[in-house]
Amino acid sequence: MAQSKRLLIRGGRVYDHDGDLHQPALADILIEDDSIVAVGAGLSRDLVQDAEIIDAAGRLAVPGLINAHYHSHDVLCRGLFEELPLEMWLLYTLPMGGNRSKEEVRARTLVGAIESLRAGITTVQDMLGLVPFDEDYLDVVLAAYRDAGIRVVFSPMVADLPSVSMVRHKDALPPDVQEMLGVKALPIRQQLDFLETQLRRHPAAATLHWAIAPFAPQRCTPRMLEGCAALAERHDLAVYTHVYETRGQALIARDSYGAHGGSFITYLDSVGLLGPRLNIVHSVWISRAEMDRMAAAGAGIVLNHLSNLKLKSGIAPVCDLRDSGVRLGLGCDNCSGSDVQNMFQAMKMFCLIAAVSEPEPGPGLAHEALRHATLGNARTAGLDGRLGAIRPGHKADLALIDLADPAYLPFNSAARQLVYTETGRGVETVIVDGRVVVRDRRVTTIDEDALRHEVADLMRPFVTDYQKIVQSRQRALPYMLDAHRRVWQAELDLQRFLARTR
Ligand SMILES: [Zn+2]
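Here we summarise the structure given alongside this text.

Rules behind the numbers
Residues numbered from 1 in each chain as written. Predicted model: local features only at pLDDT ≥ 70, side-chain atom pairs only at ≥ 80, totals over all residues. Heavy atoms only, no water. Helix = DSSP H or I, 4+ residues; strand = E, 2+ residues; numbered from the N terminus. Rg over C-alpha atoms; globule rule 2.2 N^0.38 Å. Buried < 20%, exposed > 50% of the residue type's maximum accessible area, 1.4 Å probe, protein only. Contact = heavy atoms within 4.5 Å. Areas by Shrake-Rupley, 256 points an atom, 1.4 Å probe, with all protein chains shown as cover. Lys, Arg positive; Asp, Glu negative; His and termini not counted. Charge placed at Lys NZ, Arg CZ, Asp CG, Glu CD. Donors = N, O, S within 2.8 Å, 3.2 Å for Na, K, Ca; no water. Expected span 1.5 Å × (residues − 1). Pairing = 2+ DSSP bridges. Axes fitted to C-alpha atoms, helices over the stretch in contact; angles between N-to-C directions. Polar contact = N/O pair within 3.5 Å; in protein donor to acceptor, adjacent residues only side chain to side chain. Salt bridge = Lys/Arg side-chain N within 4 Å of Asp/Glu carboxyl O. Phe/Tyr/Trp six-rings, centres within 6.5 Å; stacked < 30°, edge-to-face > 60°. Lys NZ or Arg CZ within 6 Å of the ring centre and 35° of its normal. Parallel < 35°, antiparallel > 145°, perpendicular 65-115°, else oblique. Left-handed = near helix turned anticlockwise from the far one by under 90°. Nonpolar A, V, L, I, M, F, W, Y, C, P; charged D, E, K, R; others polar. Right-handed = clockwise from strand over helix to strand, strands pointing away.

Moving on to the overall build of the protein chain. Helix and strand counts for the protein chain stand at 18 helices and 17 strands. Taken against the 2.2 N^0.38 rule, which gives 23 Å for 502 residues, the C-alpha radius of gyration of the protein chain at 22 Å falls within 12% of a compact globule. Seen through its C-alpha atoms, the protein chain measures out along the principal axes to roughly 75 × 50 × 45 Å. The proportion of buried residues among the 502 residues of the protein chain is 62%. Sequence-distant contacts, at least 24 apart, represent 77% of the contacts inside the protein chain between residues at least 6 apart. Entry remark: accessible area of the protein chain is about 19400 Å², with carbon and sulfur atoms responsible for 53%. Side chains of the protein chain give 54 positive and 62 negative charges; the mean places of these two sets differ by 2 Å.

Here it is, written out as structure tokens:
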């Protein structure tokens, strides 16, 4: 049997969710192969024999951050536009997930992975728009993740109703505008059989994990959702789906799901999805009664404040969600919707949105934001007990933060400064599955300079294609703007429907 590989991280402060949140104690961390085997001050010589040593003096070891909502398909769209209502944004981003070269798909996956690693993110939940929906392209994405060395909870999205179903009163749009939004979808069986086959071809192992991702309730028939529930059950997988991201989506539930009391949560329940496996992403426009049902069912919610603000979707009801006791996770969402893969921003936004939502001073949520970004997000994928903490028995996924960075000058509180002052700049070393993937702020697994050149070459045709899309979408804009305005005007009514406590 091959000798196990040992790595000792010596002399750093180690962030412990249940320990001193402000001045974490000094401890050594011993890693054997892919797992943490011991954490403690001055580990015995016998234990650490033959270990490679990383000197962590002046560093803070934090559990690897997990991004519980991400799409790698539009990484190259970052910075192409500013605020836009989601329904108009769909006009520009959906086509860019379309038929692209394998080189481009590999490059965008790597760019997102590198950006994430450099910001201390060791796991991404990639809800991928896989186009074309075939094996070759899927293999390119998984190979890129493997090469980058980041952990991925992978879930190609499925939907059997077309993208235009995302827009309220879609039938009132001219046919060519509907077409721009997408009027086609693949058959259910083709999609679910494909996933079943891929789960066998690439069994979960090392840094690959799977999840099931029906795009959104309004894009799936009951039969599709039942198929997803069965697949998740059969393979013991988590489920992620977009729910109540915009006002328009909450109104679609009211308009078109009367048989389910106008509630997507009731609809998801009716197809067997409301349970501990389920994570609904966004839930900006969820009612208090629905939160309570989610909490009682053990289902979870992944918040994405950054994209919700940029895409004018709204502000998730953080205080009510906390009161309801529903389990929470945090995500960064698309690179075109929030422009950045950075959990420090997501954590800070969680605290700030909570702060501005209540008149009274709250309890201070920095440590809670850290829990959501690690333990809570691990739970979304069913990986609790394996990810999210620096503890023996957990996977060796962690980041070392340089406490000499000005963000920690002076060092008053680990939890508060990680959330409020860290930008990602302090992330110096990152370890995933026991492997050092960032050292001295450089990714060790991929040649970043070569990738930069490759992306520069790929961007010439990409930008040309993008400009063509923008041009061709001009005609749709007045219709989409009008639809969006009408949705906003319906908000007062919507607020009464939501019956929030505040
Ligand atoms: Zn999303």
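This paragraph deals with the coordination of the zinc ion. Surrounding the zinc ion are the protein donor atoms His69 (NE2), His71 (NE2) and His242 (NE2), at 2.0 to 2.1 Å. Donor residues for the zinc ion sit on one chain with the sequence pattern H-x1-H-x170-H. Of this pair, histidine 71 sits in the loop between β6 (65-70) and α2 (86-93) while histidine 242 is found in strand β10 (residues 238-243), placing the two residues 171 residues apart along the sequence. No difference in accessibility class separates histidine 71 from histidine 242, as the two residues are buried.

Let us now look at helix α7 (residues 222-235). Taking 1.5 Å as the rise per residue, α7 with 14 residues should run 20 Å; its terminal C-alpha atoms sit 20 Å apart, in good agreement. When we look at burial in α7, the residues that qualify are Met224, Leu225, Gly227, Cys228, Ala229, Leu231 and Ala232. Looking at the buried positions of α7, the neighbouring elements they touch are β8 (151-158), α6 (188-201), β9 (208-214), β10 and α9 (264-270). Just beyond α7, the residue with positive phi is aspartate 236, at close to 55°.

Checked against the element boundaries, leucine 117 lands in helix α3 (residues 102-118). Apart from residues lying up to four places away in sequence, leucine 117 is in contact with Ala148, Ile150, Val427, Val430, Val432, Val437 and Val438.

To continue, consider the sheet that holds β9. Ordered in space as β6-β7-β8-β9-β10-β11-β12-β13, the 8 strands form an open sheet in which the pairing is parallel. Two strands close off the open sheet at either side, each with one partner strand: β6 and β13 (327-330). Adjacent strand axes in the sheet meet at a mean angle of 25°, parallel and antiparallel pairs treated alike. Here β6 pairs with strand β7 (residues 121-128) via 4 bridges, running parallel. Of the residues in β7, the one forming a bridge with asparagine 67 is valine 124.

With that settled, the discussion passes to helix α13 (residues 343-356). In this model, α13 (14 residues) spans 20 Å end to end at C-alpha, consistent with the 20 Å of a helix rising 1.5 Å per residue. Every buried residue of α13 is accounted for by Met343, Phe344, Ala346, Met347, Phe350, Cys351, Ile353 and Ala354. Where α13 begins, one side-chain oxygen reaches toward the backbone nitrogen of phenylalanine 344, 2.8 Å away; that side chain belongs to asparagine 342.

With respect to the element layout, glutamate 196 can be found in helix α6. Since its relative accessible area comes to 15%, glutamate 196 is described here as buried.

What follows covers the pattern of salt bridges. Taken as a whole and assessed by the stated rule, the structure comprises 37 salt bridges. Taking the shortest distance from any N to any O, the salt bridge between aspartate 449 and arginine 442 comes out at 3.7 Å. On the basis of relative accessible area, arginine 442 is assigned to the partly exposed category, the value being 39%. Residues joined in a network through salt bridges with shared partners are Asp34, Arg151, Lys395, Asp397 and Asp433.

Scanning the model with the defined rule gives 8 aromatic pairs in all. With a centroid separation of 5.4 Å and an interplanar angle of 65°, the aromatic rings of phenylalanine 154 and tryptophan 210 are classed as edge-to-face. Taken together, the residues span a long stretch of sequence, with phenylalanine 154 in strand β8 and tryptophan 210 in strand β9 at a distance of 56 residues. There is no split in this pair, since phenylalanine 154 and tryptophan 210 are both buried. Here tyrosine 244 and phenylalanine 264 contribute two aromatic rings whose centre-to-centre distance is 5.5 Å and whose plane-to-plane angle is 40°, an arrangement assigned as tilted. On the criterion of sequence distance, the pair formed by tyrosine 244 in the loop between β10 and α8 (247-256) and phenylalanine 264 in helix α9 is long-range, its members being 20 residues apart. Accessibility classification places tyrosine 244 together with phenylalanine 264 in one group, the buried group. Taken together, the ring pairs connect Tyr244, Tyr257, Phe264 and Tyr267 into an aromatic cluster. Sitting over the ring of tryptophan 488, arginine 247 keeps its end group 3.8 Å from the ring centre.

Close contact between helix α4 (residues 135-148) and α6 brings their axes to 12 Å; oriented N to C, the two are set at 45°. For the element pair α4 / α6, the angle class is oblique. Of the two possible hands of crossing, α4 and α6 adopt the one that is right-handed. When α4 is examined against α6, the residues Glu135, Leu138 and Asp139 are found in contact with a partner set consisting of Phe194, Thr197, Gln198 and Arg201. Here the residues of the contact of α4 with α6 sort into 2 nonpolar, 2 polar and 3 charged.

The next subject is the environment of alanine 56. Examined against the element boundaries, alanine 56 turns out to sit in the loop between β4 (52-55) and β5 (59-63). A relative accessible area of 1% places alanine 56 in the buried class. Distance from alanine 56 to methionine 291, taken between C-alpha atoms, is 42 Å for residues 235 residues apart in sequence.

On to the pairing of β7. Here β7 lies mainly inside the structure; 8 of its 8 residues are buried. Note that β7 and β8 share 6 bridges and pair parallel. Residue pairing across strands places aspartate 126 opposite phenylalanine 154, the latter belonging to β8. As a crossover connection, the stretch from β7 through α4 into β8 is right-handed.

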